[in-house]
Amino acid sequence: MSYGIDTPGKIIAVHLNYPSRVAQRGRTPEFPSYFFKPASSLAATGSTIERPEGTELLAFEGEIALVIGKRARWVSPEEGWGYVSHVTAANDFGLYDLRAADKGSNVRNKGGDGYTPVGPVALDASLAGQGGWRVRTWVNGALVQEDTSDTLMFPFGQLVADLSQHMTLEPGDVILTGTPAGSSVVVPGDVVEVEVDAPGAEGAPTTGRLVTTVTQGTTAFGEYGNRPSVNDLQRIEAWGSESEHAAAVAAGRATPLDKPAAAEGESPLTPEIRALLEELPVATVSTALRKRGFVDIFIDGVHPNHEGDRILGTARTLRFVPFRPDLFKKYGGGFNAQKRAYDTVNEGEVIVVEARGLSSTGTVGDVLALRAQVRGAAGIVTDGGVRDFAAVQEFSLPVFSQGAHPSVLGRKHVPWETDVTIACGGAAVQPGDVIMGDRDGVIVIPPHLVEEVARDAAAQEFEEGWVAEQVAKGEAVDGLFPMNAEWRARFEAETGGGAAGS
């Protein structure tokens, strides 16, 4: 079998490198990080790859592969590119179903037979500079990935230099340099093609298309090892976004989310998860959301009406539209949308108000706030002002707003509708979303992520508490925050590695 290269002694893959992919993932690495793939995962063009029985999330990643041409040890970034003899195409296939079992090593989810197709032609690296290469991927003939090596966060020479600090790179070793945005899931019957070329070089040399066909495996994994498992977050990450996953479900290519939203009357805040979140700061939970690509979840500009207030509950939404006399005459009086929201709010719900970010208007007063408190509401969040502020402040109900304003309804707003998706303080809020706030601010947590985010944040808070104890004892933060390998080992030894309930 020919891969366009000799069988390598090592295959080393980079986790994140293209800015387009970094933007999707929502986390920006300071330095490159790596994992190994076995030589037995190599495959040639025209081969097949099995999606194992009992799995659903086989993802492709078109990449530029570098082939080392001479022994490299302790080379500089400026020298690194000179140690690359050839460039070819690769597809870094992986199973999201086995990511949890691997805990970052990628041994099982990316090490299967046929999970690293390369070729079909290895191009001489001297045909173009390290920034002159392009990678493209097609699924069933449709172009789904395209990017160029001049956009990389970590150029080829830096990768070679960095790896050569830790190990000797031998001739024939292969480095997979990362995938751009557009990686997604393929299903049996799909055909994936990857091509690397140098469009700006003389003759526009190309590797040709590396072709792989997906088939369905028939042998299930045994009980003697970790078995495949997936959750809604993995489904969304694998397909690229919630909308892309939904489109795949509609096309019959994907499994629906387990919990697309909380069922009517059912809160994602179980007693256990509520207890976890009540002990956590908003800042830590927001970090856990950012790791998962959710960066626009802050309801900006709002502050609590009592120092030390916290808020936690599911969203009940109210939307105002700009004032217009005829609309206010029709919709502003009687049992309008504003009154309906406060008169029907349920225990544990947070009324979230879209007031268009206008602090110069009152959007809730003492009577409505009292009604919400009597009905057991968990709080009120408005990106507008609060009327009767001193009276509302006397209530135990937490209210987050832009502050006090004495105006009455009808100055700038028309109460329009309830229980719809709104924009509050720059964040999209849907009915049933989890709203969490403290002195740092208010965030929105999608219901299907609540349990996972709560456990992750609890573990992080436990770890940071331990770090704070070391700092209080006089330890320097360098190497401790974040923890290097030595501190990590000490943390694991002293604590067992995590928090209870995480």
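Placed above this text is the structure.
Figured I'd write up the structure that's included with this text. Note that the coordinates shown come from a computational prediction; the quantities given were computed from them, not determined experimentally. (Residues numbered from 1 in each chain as written. Predicted model: local features only at pLDDT ≥ 70, side-chain atom pairs only at ≥ 80, totals over all residues. Heavy atoms only, no water.)

**Some details on the overall build of the protein**
- Scanning the protein from terminus to terminus reveals 15 helices and 27 strands.
- With the C-alpha coordinates aligned to their principal axes, the bounding extent of the protein is approximately 80 × 60 × 50 Å.
- Looking at the protein as a whole, 50% of its 502 residues are labelled buried.
- Residue pairs at least 24 apart in sequence account for 76% of intrachain contacts in the protein once pairs closer than 6 positions are excluded.
- Taking the average place of the 43 positive charges on the side chains of the protein and the average place of its 66 negative ones, the gap between the two points comes to 5 Å. (Helix = DSSP H or I, 4+ residues; strand = E, 2+ residues; numbered from the N terminus. Buried < 20%, exposed > 50% of the residue type's maximum accessible area, 1.4 Å probe, protein only. Contact = heavy atoms within 4.5 Å. Lys, Arg positive; Asp, Glu negative; His and termini not counted. Charge placed at Lys NZ, Arg CZ, Asp CG, Glu CD.)

**A word on the nonpolar core**
- Grouped together as the largest cluster of nonpolar side chains are 32 residues, with contacts concentrated most on Ile 64, Trp 133 and Val 160.
- Those elements giving two or more residues to this core turn out to be β1 (11-14), β6 (62-68), β7 (84-91), α5 (156-164) and β15 (191-197).
- If one sorts the elements of this core by residue count, α5 sits on top with five residues.
- With residues up to four places along the chain from it excluded, the contact list for Val 160 reads Ile 68, Ala 72, Val 75, Gly 80, Tyr 83, Val 84, Leu 169 and Ile 175. (Core = buried A, V, L, I, M, F, W, Y, C linked by side-chain atoms within 4.5 Å.)

**Notes on the packing of aromatic side chains**
- Summed over the entire model, instances satisfying the criterion amount to six aromatic pairs.
- In this structure an aromatic cluster arises from ring pairing among Phe 462, Trp 466, Trp 487 and Phe 491.
- Sitting over the face of the ring of Tyr 83, Lys 70 holds its NZ or CZ atom 4.7 Å from the ring centroid.
- Over the ring of Trp 138 we find Arg 209, and its NZ or CZ is 3.5 Å from the ring centre. (Phe/Tyr/Trp six-rings, centres within 6.5 Å; stacked < 30°, edge-to-face > 60°. Lys NZ or Arg CZ within 6 Å of the ring centre and 35° of its normal.)

**A few points about the sheet that holds β7**
- The strand order across the open sheet built from six strands is β2-β1-β13-β6-β7-β10, with neighbouring strands paired in mixed fashion. Only two strands of the sheet have a single partner each, and these edge strands are β2 (34-37) and β10 (123-124).
- In terms of strand pairing, β6 meets β7 through seven bridges, oriented antiparallel. Each residue of the ladder has a partner; that of Gly 62, found in β7, is Asn 91. (Pairing = 2+ DSSP bridges.)

**Considerations on the side chain of Asp 173**
- Along the polypeptide, Asp 173 turns up in the loop between α5 and β13 (174-176).
- For Asp 173, the side chain forms a polar contact with the main-chain nitrogen of Gly 9, separated by 3.5 Å.
- Polar side-chain contacts of Asp 173 include one of 2.8 Å to the backbone nitrogen of Glu 170.
- In contact with Asp 173, not counting residues within four places along its chain, are Pro 8, Gly 9, Lys 10, Leu 66, Val 67, Ile 68 and Thr 168. (Polar contact = N/O pair within 3.5 Å; in protein donor to acceptor, adjacent residues only side chain to side chain.)

**Some details on a nonpolar patch on the surface**
- A contiguous nonpolar patch, built from Val 471, Val 477 and Phe 481 and spanning about 270 Å² of accessible area, is present on the exposed surface.
- You can see Val 477 is positioned in the loop between α14 (450-472) and α15 (485-495).
- When its relative accessible area of 46% is taken as the criterion, Val 477 is described as partly exposed. (Patch = residues over 30% accessible without salt bridge, like charges linked within 9 Å, V, L, I, M, F, W, Y side chains within 5 Å. Areas by Shrake-Rupley, 256 points an atom, 1.4 Å probe, with all protein chains shown as cover. Salt bridge = Lys/Arg side-chain N within 4 Å of Asp/Glu carboxyl O.)

**Digging into the environment of Pro 304**
- Following the sequence through the fold, Pro 304 ends up in strand β18 (residues 303-304).
- By relative accessible area, which is 14% here, Pro 304 ends up buried.
- Excluding residues within four positions of it along the chain, Pro 304 makes contact with Asp 309, Val 399, Phe 400 and Arg 439.

**Structural notes on helix α9 (residues 282-291)**
- Those residues of α9 that sit buried are Val 282, Thr 284, Val 285, Ser 286, Ala 288 and Leu 289.
- Buried-residue contacts for α9 involve α8 (271-278), β17 (298-299), β26 (434-438), β27 (441-445) and α14.

**Quick notes on the packing of α9 against α14**
- At a minimum axis separation of 9 Å, α9 and α14 run at an interaxial angle of 120°. Put simply, α9 runs oblique to α14. You can see that α9 and α14 cross each other, and the crossing is right-handed. Judged by residue contacts, Thr 284, Val 285, Thr 287, Ala 288, Leu 289 and Lys 291 of α9 engage Val 453, Asp 456, Ala 457, Gln 460, Glu 461 and Glu 464 from α14.
- Of the residues in the contact of α9 with α14, the class split is five nonpolar, three polar and four charged. (Axes fitted to C-alpha atoms, helices over the stretch in contact; angles between N-to-C directions. Parallel < 35°, antiparallel > 145°, perpendicular 65-115°, else oblique. Left-handed = near helix turned anticlockwise from the far one by under 90°. Nonpolar A, V, L, I, M, F, W, Y, C, P; charged D, E, K, R; others polar.)

**Examining the environment of Gln 470**
- Looking at where Gln 470 falls in the secondary structure, it is placed in helix α14.
- For Gln 470, a relative accessible area of 1% corresponds to the buried category.

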